[in-house]
Amino acid sequence: MVQTYAWLWTLLAFVLTWIVFHLIKRKKTADEEAEAETEQRRDGAADVIIVGAGVAGTALAYAIAKDGRRVHVIERDLKEPQRFMGELMQAGGRLKLAQLGLEDCLKEIDAQESKSLAIYKDGKHGTLYYPSSTEFPYEPQGRFLRNGRLVQRLRKKAASLANVQLEEGTVKTLIEEKGVVKGVTYKNNAGEEITAYAPLTVVCDGCYSNLRRSAIDNKDEVLSHFVGYVVKNSRLEDPHSMHLTFAKPFPCVIYQITSDEVRVAAELPADKIPSMANGEMVNFLKKTLAPQIPETGKLREIFLKGVDEGLLEVKIHPTKSMSAKPCDKKGVIVLGDAFNMRHPIIASGMMVALSDVLIIRNLLRSLPNIGNTKKVKELIKSFYIIRKPMAATVNTLADVLSQVLIATTDEAKEGIRQGCFNYLCSGGFRTSGMMTILGGMNPRPLTLVFHLVAITLTSMVYLLSPFPSPRRFWHSLRAFALALKMLGAHLVDEGFKEMLIPTNAAAYRKGYMATASE
């Protein structure tokens, strides 16, 4: 009997303890939500602070302001940016602009149609066109453009909304209280230090972000550099193609950015940049690179004209890579190049950024109270999953292609380089499949894996030709191992599930690729 009573008292004590614990937890949650709501009502200046008014920042400002949010955008310099990265809006990026209601920003900036990729290697060339697809609800064309003009159009469009405040200022720090970001401290044009509060802060201040380390534990890696210059009063015979030369040791691209301006961009090693001051750069361009640029289509003529005219608007820009890492802090989101970077050889950074903006916009639409930091954080967790099909596809393709294009004396690596060229020029579903991926029209990581495996097999066949030998067999095995290493690194980084299981890609296509309307 005594033992029975003891068990009953133990059970009762356990139940009471559980009830008390549950009530305390509910009260704590209610207090947190009430505090969040009070914070939003207390500060009526803005619902969202956006640091950076580039493509991602201005697109997000416009999108969430259209939904009724009050947005404060702080940009270090509101003059037109002068840069040569971000000069191709892929077809997938144009679709995102249309879905955000920003497609008119590509007008009145003298943007040029991008219909194909022309590749050149050792006297051979092929033209790869973006194919029409019933699965892609938009025109299968990109746009070559002046990045600064696009940014200014986006800023003007965002600032036209009454609930968007676009201000020039330099953000110094994030304001953080008890692990929650409450706003920012910045200096305005007059040099005054101002503190601005908002329930949500979005950091998208570019690849040189000063605030990234305050929000996420992530570091970028410099892969190489690009030197770029503009050739004035020139027009390519094929102005609608991105002209990519498989030059040695690094590739070179030439494309039409306006009706009478051509961009030339050549990749350089990270640790050995020819000096501009003593003429090393001009010598490198004329004697090393120019002989490899094909004469067809006025490519070499225009390339040398730009050098002879003094490398107008010449800039050297580092190519950076940085995998996306979730932000664990409440009250802050990191987007754009401050969040995720990849090699620019496939020119898809703006497309990924706009895809991220669209996802964030749609997620925030479902949240009436943006000041509820707990619910915002839960939504942001889903953002990292939803973005994977587009981001993982682009990141993997950019990294693999950038490595393949580097010329070396290694026979296995050269076999992969030649195999890639052969595969891209082979036509049929191989060429069209790769171009839909490149243009952002088919963001399926598993499809990309299929094509990369096919390129590897093509490379092995090339290395074994015209007939197998022990040496050729060995190099083909090495090529297979190198390809596995390149692909395996991204399977680990992006996630095996996200790369190999097609359910996420199907959900992304249904939610973000089905229609071109807002």
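In the block above lies the structure referred to throughout.
Notes on the structure in this doc start here. (Residues numbered from 1 in each chain as written. Predicted model: local features only at pLDDT ≥ 70, side-chain atom pairs only at ≥ 80, totals over all residues. Heavy atoms only, no water.)

Observations regarding the sheet that holds strand E7 (residues 142–144)
Taken together, the 3 strands give an open sheet; going across it, the order is E3-E7-E4, and neighbouring strands pair in antiparallel fashion. Taken across any chain shown, the strands that pair with only one partner, and hence form the sheet edges, are strand E3 (88–89) and strand E4 (112–114). Pairing analysis gives 3 bridges linking E4 to E7, with the strands arranged antiparallel. Within E7, the position partnered with Glu113 by the bridge is Arg143. (Pairing = 2+ DSSP bridges. Helix = DSSP H or I, 4+ residues; strand = E, 2+ residues; numbered from the N terminus.)

A short note on the pattern of salt bridges
Taken as a whole and assessed by the stated rule, the structure comprises 27 salt bridges. Between Lys121 and Asp122 there is a salt bridge, with the nearest N and O atoms lying 2.8 Å from each other. Take Lys121: its relative accessible area is 5%, and that puts it in the buried class. Among the ionic contacts, a cluster of salt bridges with common partners joins Arg146, Lys232, Glu261 and Glu313. (Salt bridge = Lys/Arg side-chain N within 4 Å of Asp/Glu carboxyl O. Buried < 20%, exposed > 50% of the residue type's maximum accessible area, 1.4 Å probe, protein only.)

Here we look at the side chain of Asn395
One can find Asn395 in helix H10 (residues 388–404). A relative accessible area of 6% places Asn395 in the buried class. At 3.1 Å, the side chain of Asn395 and the side chain of Glu494 are in polar contact. (Polar contact = N/O pair within 3.5 Å; in protein donor to acceptor, adjacent residues only side chain to side chain.)

Quick look at the environment of Gly331
Take Gly331: it is sitting in the loop between strand E16 (315–321) and strand E17 (332–334). Classification of Gly331 as buried rests on a relative accessible area of 6%. Here the alpha-carbon distance between Gly331 and Val202, two residues 129 residues apart in the chain, equals 8.5 Å. Not counting the four nearest positions on each side in its chain, Gly331 is found in contact with Val181, Pro199, Leu200, Thr201 and Thr373. (Contact = heavy atoms within 4.5 Å.)

Considering helix H13 (residues 445–464)
Between its first and last C-alpha, H13 extends 29 Å over 20 residues, near the 28 Å set by a 1.5 Å rise per residue. Along H13, the residues classified as buried are Pro445, Leu448, Val449, His451, Leu452, Ala454, Ile455, Thr456, Ser459, Met460 and Leu463. Lining the buried residues of H13 we find H10, helix H11 (411–425), helix H12 (428–438), helix H14 (470–494), helix H15 (496–500) and helix H16 (503–512). (Expected span 1.5 Å × (residues − 1).)

A few points about the sheet that holds E16
An order of E6-E5-E13-E14-E15-E12-E16 is seen for the 7 strands of this open sheet, with the pairing classed as mixed. Only two strands of the sheet have a single partner each, and these edge strands are strand E6 (124–129) and E16. Sheet twist, expressed as the mean angle between neighbouring strand axes with direction ignored, is 25°. Here strand E13 (residues 241–245) pairs with strand E14 (residues 252–258) via 3 bridges, running antiparallel. Within the sheet, the bridge partner assigned to His243 lies in E14 and is Ile254. This element, helix H7 (residues 299–308), spans strand E5 (116–121), strand E12 (221–232), E13, E14 and strand E15 (261–269) of the sheet and lies at about 90° to E12. (Axes fitted to C-alpha atoms, helices over the stretch in contact; angles between N-to-C directions.)

Section: the packing of H13 against H14
Orientation of H13 relative to H14, taken along the N-to-C sense of each, is 160°, at an axis distance of 8 Å. What the angle tells us is that H13 and H14 run roughly antiparallel. The way H13 lies across H14 gives a crossing that is right-handed. Of the residues in H14, those touching H13 at Val449, Leu452, Thr456, Met460, Leu463 and Leu464 are Arg472, Phe473, His475, Ser476, Ala479, Phe480, Ala483 and Leu487. Taken together, the residues of the contact of H13 with H14 break down into 10 nonpolar, 3 polar and 1 charged. (Parallel < 35°, antiparallel > 145°, perpendicular 65-115°, else oblique. Left-handed = near helix turned anticlockwise from the far one by under 90°. Nonpolar A, V, L, I, M, F, W, Y, C, P; charged D, E, K, R; others polar.)

Things to note about the environment of Ile293
Structurally, Ile293 can be placed in the loop between helix H6 (280–289) and H7. Of the residues examined, Ile293 reaches a relative accessible area of 0% and is grouped as buried. With 169 residues separating them in the primary sequence, Ile293 and Tyr462 have C-alpha atoms 24 Å apart. When residues no more than four places from it in sequence are discounted, the contact partners of Ile293 are Thr245, Cys252, Ile254, Leu299, Arg300 and Phe303.

Section: H11
Relative to the 21 Å expected for 15 residues at 1.5 Å per residue, H11 spans 21 Å between its end C-alpha atoms, a close match to the ideal helical length. The complete set of buried residues in H11 reads Ala412, Glu414, Gly415, Ile416, Arg417, Gln418, Gly419, Cys420, Phe421, Tyr423 and Leu424. Sitting at the head of H11, Asp410 places a side-chain oxygen 2.9 Å from the backbone nitrogen of Ala412. Once H11 ends, the next one or two residues include Gly427, with phi positive near 80°.

Quick notes on a nonpolar patch on the surface
Residues Leu446, Val492, Phe496, Leu500 and Ile501 make up a contiguous nonpolar surface patch of roughly 450 Å² in combined accessible area. Looking at the secondary structure, you find Ile501 in the loop between H15 and H16. Since its relative accessible area comes to 40%, Ile501 is described here as partly exposed. (Patch = residues over 30% accessible without salt bridge, like charges linked within 9 Å, V, L, I, M, F, W, Y side chains within 5 Å. Areas by Shrake-Rupley, 256 points an atom, 1.4 Å probe, with all protein chains shown as cover.)

Here's the deal with the packing of aromatic side chains
Any aromatic ring pair is given by two values, namely how distant the centres are and how the planes are angled relative to each other. According to the stated counting rule, one finds 7 aromatic pairs in the structure shown. Ring centres 5.5 Å apart and planes at 25° place the aromatic pair Phe144 and Tyr255 in the stacked group. Pair noted here: Phe144 is in strand E7 and Tyr255 is in strand E14, with a separation of 111 residues, a long-range link. With a centroid separation of 6.2 Å and 65° between ring planes, the pair formed by Tyr229 and Phe303 is classed as edge-to-face. (Phe/Tyr/Trp six-rings, centres within 6.5 Å; stacked < 30°, edge-to-face > 60°.)

Here's the deal with the side chain of His72
The topology assignment puts His72 in strand E2 (residues 71–75). Given the relative accessible area of 7%, His72 is considered buried. A polar contact is formed between the side chain of His72 and the side chain of Glu167, at a distance of 2.8 Å. Leaving out residues up to four positions away in the same chain, His72 has contacts with Ala46, Val48, Ile49, Ile50, Gln165, Glu167, Tyr186 and Ala196.

Quick word on the nonpolar core
Inside soluble globular proteins, nonpolar side chains tend to come together where they are buried. Ranked by internal contacts, the top residues of the largest apolar core, which has 127 residues, are Ile50, Leu150, Val184, Val202, Leu335 and Phe383. If one sorts the elements of this core by residue count, helix H8 (residues 349–365) sits on top with 11 residues. Beyond its immediate chain neighbours, meaning those up to four positions away, Ile50 contacts Gly57, Leu60, Ala61, Ile64, Val71, His72, Val73, Ile74, Val202 and Cys204. Listed in part, the 24 residues of the second largest apolar core include Val231, Ala247, Val262 and Met281. (Core = buried A, V, L, I, M, F, W, Y, C linked by side-chain atoms within 4.5 Å.)

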